[in-house]
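Spelled out from the first residue to the last, the chains are:
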Amino acid sequence: MNPELLQKYIAGNATEVEKQRVTGWIQENPENMREYMAQRKLHDMALWRTEPVAEENSRERKHFSLRGICMEAAKIAAVLAIVLLGTHYWTGKHQVPEDKTWQSIYVPAGQRAELMLADGTKVWLNSRSTLTFPGSFKGDIRNVKLDGEGYFAVTKNVEQPFIVETNKCNVKVLGTEFNVMAYAADSVWETSLLEGAVEILVPGSNNSGMRLEPNTMASLKGNRLVKGRIKEPDYFLWREGLLCFNDISVRDMIEKLKLYYGVDIVVNNTRILKNRYTGKFRTKDGVEHVLKVLRLNNKFTYTKDDETNVITIN
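Now for a look at the structure at hand. Just so it is clear, the model here is predicted, and its values are computed rather than measured.

1. Focus: unusual backbone geometry
Phi at Asp247 takes a positive value of approximately 50°, unusual for a residue other than glycine. For Asp247, the location among the structural elements is in strand E16 (residues 242–249). Unusually for a residue other than glycine, Asn309 sits at a positive phi of about 60°. Within the secondary structure, Asn309 sits in the loop between strand E19 (302–305) and strand E20 (310–313).

Printed below as a string of structure tokens:
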């Protein structure tokens, strides 16, 4: 692996294609994981300096910590970022830098993450999601940027609203719990409110936005926001590593699998697409486990091309 690309990934500056290349390389074998961890340690040691770095601009010192926890509850404490790509879950708590340095966290396909921002806000990130956030929240607002799906438990601060920026709409809150689905590569945009209150803002629009009450959600239909009730509260169990489907069409189910696992699924047996399914799966079991269970009640076969990352259903 190119060291420059590896450092670019660790610093959070890699493109989507580069991220997939690096995460795929890490998971190929334990030796690659060890090399990644060594490079990560070098990066984090610089962030863990206890004295200011003597530079021309006399930058402020930084403090950073990240803690990884395995899905099976084997806890590992460390003073460097631990990314358990051999499992399907990692989580961290940040004491993020005191300056305005922006950082990004990317969650690879089939995994999820938990982190704590500088203000105490907790964030859960779903598979293939990127969160960009500052080292500290200064000024009139606390803003972060999300590409993907995140669940936020925001620390209340009436003098400094919290804003989640996405590619389509922004979500403004003071202190609350809500879920945002906003993958740039997907047409679906949704915000679901569990506690508190949020306001949905459409950039460039003259509309004042839409306010949500607990147990309601907003979906973007074209350029129009539509409000409704949350119908499937089990859906948010993705934070615990569960994919929950309730009376969903196989067509929609496959679209979710493609999104979360980063795999292309070609369906030649179109007869199964209108069938409906209810069930729960552990994210860590992988996409093929879901297909094998689905096959019990739907007659089809499938093949997977590991080189092209394409699953074909016949």
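Here the narrative resumes.
2. So, the layout of surface pockets
Its volume calculated, the largest pocket comes out at about 1,000 Å³. What lines the largest pocket is a set of 39 residues, and nearest its centre among them are Glu190, Glu232, Tyr235, Ile248 and Lys256. Secondary-structure elements contributing two or more residues to the lining of the largest pocket are strand E10 (177–182), strand E11 (190–195), strand E14 (216–221), strand E15 (224–229), E16, helix H4 (250–261) and strand E18 (276–282). Sorting elements by how many residues they give to the lining of the largest pocket places E16 first, with seven residues. Per-class residue counts for the lining of the largest pocket are 15 nonpolar, nine polar and 15 charged. For the lining of the largest pocket, the two domains that each supply at least three residues are domain 2 (100–232) and domain 3 (240–311). Its boundaries defined by the atoms lining it, the second largest pocket holds a volume of some 670 Å³. If you trace the second largest pocket, you find 23 residues lining it, with Ala109, Tyr261, Gly262, Lys304 and Asn309 closest to the centre. Here the lining of the second largest pocket takes five residues from helix H2 (residues 16–26), the largest share from any one element. Split into classes, the residues belonging to the lining of the second largest pocket amount to seven nonpolar, nine polar and seven charged.

3. Some remarks on the pattern of salt bridges
For the structure shown, the criterion picks out eight salt bridges. Close ionic contact of Asp234 with Lys280 constitutes a salt bridge, the shortest N to O distance being 3.4 Å. Note that Asp234 is positioned in the loop between E15 and E16 and Lys280 in strand E18, a separation of 46 residues in sequence. Note that Lys284 is salt-bridged to Asp285, the shortest N-O span being 3.8 Å. Lys284 sits in the partly exposed class, given a relative accessible area of 26%. Through salt bridges that share partners, Arg282, Lys284 and Asp285 make up one connected network.

4. Things to note about helix H5 (residues 287–294)
One turn of an α-helix holds 3.6 residues; hence residues three or four places apart share an orientation. Of the residues making up H5, those classed as buried are Val287, Val290, Leu291 and Leu294. All buried residues of H5 fall inside an arc of 95° around its axis, so they share one side. Elements in contact with the buried residues of H5: H4, strand E17 (264–267), E18, E19 and E20.

5. Things to note about the packing of helix H1 (residues 3–10) against H2
Direction vectors running N to C along H1 and H2 enclose 105°, while the axes themselves pass 10 Å from each other. The angle between H1 and H2 places the two elements in the roughly perpendicular class. Packed against H1, whose contacting residues are Leu5, Leu6, Lys8 and Tyr9, the element H2 presents Glu18, Lys19, Arg21, Val22, Thr23 and Trp25 at the interface. Here the contact of H1 with H2 is composed, by residue class, of five nonpolar, one polar and four charged.

6. Comments concerning the side chain of Arg112
As for its placement among the helices and strands, Arg112 is situated in the loop between strand E3 (102–106) and strand E4 (113–116). Within the structure, the side chain of Arg112 is placed 2.5 Å from the backbone oxygen of Arg239, a separation counted as a polar contact. A distance of 3.1 Å separates a polar atom in the side chain of Arg112 from the backbone oxygen of Glu240.

7. Here we look at the packing of aromatic side chains
Tallied over the entire structure, the rule returns seven aromatic pairs. Ring geometry for Trp124 versus Tyr151: centroids 5.6 Å apart, planes at 80°, classification edge-to-face. Of this pair, Trp124 sits in strand E5 (residues 122–125) while Tyr151 sits in strand E7 (residues 142–153), and the two are 27 residues apart along the sequence. For the pair Trp124 and Tyr151, one class covers both residues: buried. Three or more aromatic residues joined by ring pairs form one cluster here, namely Phe137, Phe152, Phe162 and Phe178. Lys145 extends its terminal NZ or CZ atom over the ring of Trp102, reaching a point 5.3 Å from the ring centre. Sitting over the face of the ring of Tyr151, Arg239 holds its NZ or CZ atom 3.8 Å from the ring centroid.

8. Side note on the sheet that holds E19
On the basis of which strands lie adjacent, the open sheet formed by three strands has the order E17-E20-E19 and mixed pairing. Edge positions in the sheet fall to E17 and E19, since each has one partner strand and no second. With direction set aside, neighbouring strand axes in the sheet form an average angle of 15°. Pairing of E19 with E20 involves four bridges; the strand directions are antiparallel. Note that in E20 the partner of Tyr302 across the bridge is Ile313.

Each value, and the rule that gives it
- All residue numbers refer to positions counted from 1 along the written sequence of the respective chain.
- Owing to the predicted nature of the model, reporting of local features is limited to residues with pLDDT of at least 70; listing and counting of side-chain atom pairs is limited to 80 or more, with chain, interface and lining totals taken over all residues.
- Side-chain metrics rest on all non-hydrogen atoms present in the structure, leaving aside hydrogens and water.
- The way it works is that DSSP assigns letters per residue, a run of H or I at least four long becomes a helix, a run of E at least two long becomes a strand, and they are numbered from the N terminus.
- A pocket here means an open set of points on a 1 Å grid, computed over the protein atoms alone, that has protein on both sides within 12 Å along at least five of seven lines. A cavity is instead a set of points where a 1.4 Å probe fits but cannot get out; residues with an atom within 4 Å of a point line either one.
- Grid points are joined across faces, edges and corners, and a volume is the space filled by probe spheres set on the points.
- Only Asp, Glu, Lys and Arg are considered charged in this grouping, and only Ala, Val, Leu, Ile, Met, Phe, Trp, Tyr, Cys and Pro are considered nonpolar; every other residue, Gly among them, is considered polar.
- As annotated, the domain borders come from an automatic or database domain assignment.
- One speaks of a salt bridge when a side-chain nitrogen belonging to Lys or Arg is within 4 Å of a carboxyl oxygen belonging to Asp or Glu.
- Note on exposure labels: buried denotes an accessible area under 20% of the residue type's maximum, exposed denotes more than 50%, and partly exposed covers the range between, all computed with a 1.4 Å probe on protein chains only.
- Think of the arc as the fan of directions from the helix axis to the C-beta atoms.
- Here, residues are in contact when the closest pair of their heavy atoms is within 4.5 Å.
- To define axes, lines are fitted to C-alpha atoms, for helices over the stretch in contact only, and angles between the resulting N-to-C directions are given on a 0 to 180 degree scale.
- Note that the term roughly parallel is reserved for angles under 35 degrees, roughly antiparallel for angles over 145, roughly perpendicular for angles of 65 to 115, and oblique for everything else.
- We define a polar contact as two N or O atoms separated by no more than 3.5 Å, with the added condition that, inside protein, one atom must be a possible hydrogen donor and the other a possible acceptor, whereas residues neighbouring each other in sequence contribute only through side-chain atom pairs.
- Stacked, tilted and edge-to-face pairs are distinguished by plane angle, under 30 degrees for stacked and over 60 for edge-to-face with tilted covering the rest, among Phe, Tyr and Trp rings (Trp via its six-membered ring) whose centres lie within 6.5 Å.
- We count a charge as sitting over a ring when the NZ of a lysine or the CZ of an arginine lies within 6 Å of the ring centre and within 35 degrees of the ring normal.
- Whether two strands pair comes down to DSSP finding at least two bridges between them.

Distances and angles like these do not, on their own, reveal function.
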